[in-house]
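Structure assessment
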Amino acid sequence: MTSSSDAYPVPATPYRAAGSLRGRTILMSGGSRGIGLAIARRAARDGANVVLLAKTGEPHAKLEGTVYSAAEELEAVGGSALPLVGDVRNDDDVAHAVDAAVGRFGGIDVVINNASAIDLSPTDAVDMKRYDLMQDVNVRGTFLLSKLALPALRKSSGGHILTLSPPLNLDPTWAGRHLAYTMAKYGMSLTTLGLAEELRNDGICVNSLWPRTLIDTAAIRNMAGGESMARAARGPEIMADAAHAVLTGAVNQAGTTGTFSTGNFYTDEQVLAAAGVTDFRPYSLGAAEADLVPDIFL
């Protein structure tokens, strides 16, 4: 018989947590696979409650995992999970997720805006349906989930919104390469910027987190040349550890400890270095550090 620890082994990483998410309730968009699932699993290992709002209720032909299999993983490593099939673009689905989180676990402490659509096509080539998808999932979905969770977050003893989006880098290189995607990701980051200021007096932290290098995900592997790109990437555990450090108040932008730090655009390396990690090689998938591919927008 295979034990749950054998089925879902804890990855060996150099991050040593100073805080815990035990008993905290997290509402995440997406999370059935990839970075979102890694972040959820790291929180579940502490004993967190995790509510997953994701579209994949049935197995996908090209992508592993469903919201239900993700929930099984979270419970196997020590967390409590509530899987919800829904679309972050749908107002009723998001409202239901917020109500379900409060009804099941008594409140919401953390919102993680993880759901995102990607298309790196230049303007001539981008399909407008893909453009609309990116705007709806990335920008509107982030805004909507954050907005509807605010009443619950205000009741938390330490509410936090964490969005997986890049620093607002206005170097025209990025808009010039893939304007549609850049606008969609920067829309997520503008939500961080604005809500951090708007909610400062409510005691709700609002931050963004972005990887310094490519991360091995299904989205990367499904792109042209994705398999070779993935070999020059890091595993999603680095983002999971970095998110944990941010959410437990282990680090702020100045690299010091603190429970209230808001309006920051962190990178995974920055956060973990401030949390004491000095060797990032265990996060890599075999490539030398010098050969890792930097992520975009940095």
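Each chain carries its own residue numbering, running from 1 in the written order of its sequence. Two thresholds apply to this predicted model, a pLDDT of at least 70 for residue-level local features and 80 or more for giving and counting side-chain atom pairs, whereas whole-chain, interface and lining totals are computed over all residues. Processing note: side-chain calculations cover all non-hydrogen atoms of the structure and skip hydrogens and water entirely.

**Remarks on the environment of G263**
Which entries qualify depends on this criterion: Here a strand is any run of E in DSSP of at least two residues, a helix any run of H or I of at least four, and the numbering for each starts at the N terminus. Under the scheme applied here, a residue whose accessible area is under 20% of the maximum for its type counts as buried, over 50% as exposed, and between as partly exposed, the area being computed with a 1.4 Å probe on protein chains only. When checking whether two residues touch, look at their non-hydrogen atoms; a contact exists if any pair is within 4.5 Å.
Take G263: it is sitting in the loop between α10 (237–247) and β7 (265–267). Judged by its relative accessible area of 27%, G263 is partly exposed. Remark: the alpha-carbon pair of G263 and R200, spanning 63 residues in sequence, is separated by 9.0 Å. When near neighbours in sequence (up to four residues on either side) are disregarded, G263 contacts A196, V206 and N207.

**Structural notes on the sheet that holds strand β5 (residues 160–163)**
Convention followed: Strands pair, by our definition, only if DSSP identifies at least two bridges between them. Simply put, an axis is a line fit to the C-alpha atoms, just over the touching stretch for a helix, and the angle between two N-to-C directions goes from 0 to 180 degrees.
The sheet built from seven strands is open, its strands ordered β3-β2-β1-β4-β5-β6-β7 with parallel pairing. Looking at which strands have only one partner, the edges of the open sheet turn out to be β3 (80–85) and β7. Sheet twist, expressed as the average angle between the axes of neighbouring strands with direction ignored, equals 20°. As judged from the three bridges shared by strand β6 (residues 205–210) and β7, these two strands associate in the parallel manner. In the sheet register, L209 faces β7, and the bridge partner there is Y266. On the sheet, helix α7 (residues 179–198) packs against β4 (110–113), β5, β6 and β7 and is oriented at approximately 150° with respect to β6.

**A short note on the pairing of strand β1 (residues 25–29)**
Counted only if it meets this: Place the viewer so that the strands point away; then a crossover is right-handed whenever the path from the first strand over the helix to the second strand goes clockwise.
In terms of residue burial, β1 counts as a mostly covered element, since five of its five residues are buried. Both faces of β1 are covered, namely the face carrying T25, L27 and S29 and the face carrying I26 and M28. Bridging between β1 and strand β2 (residues 49–54) involves five bridges; their strand directions are parallel. Each bridged residue has a counterpart across the sheet, and for T25 the counterpart in β2 is N49. With helix α2 (residues 34–46) bridging β1 and the parallel β2, this β-α-β connection has right-handed handedness.

**Details of the environment of E73**
With respect to the helices and strands, E73 occurs in helix α3 (residues 67–76). On the accessibility criterion, E73 (15% relative accessible area) is buried. Residues E73 and G194 lie 121 residues apart in sequence; the distance between their C-alpha atoms is 34 Å. Discounting residues that sit within four places of it in the chain, E73 has contacts with Y8, L37 and R41.

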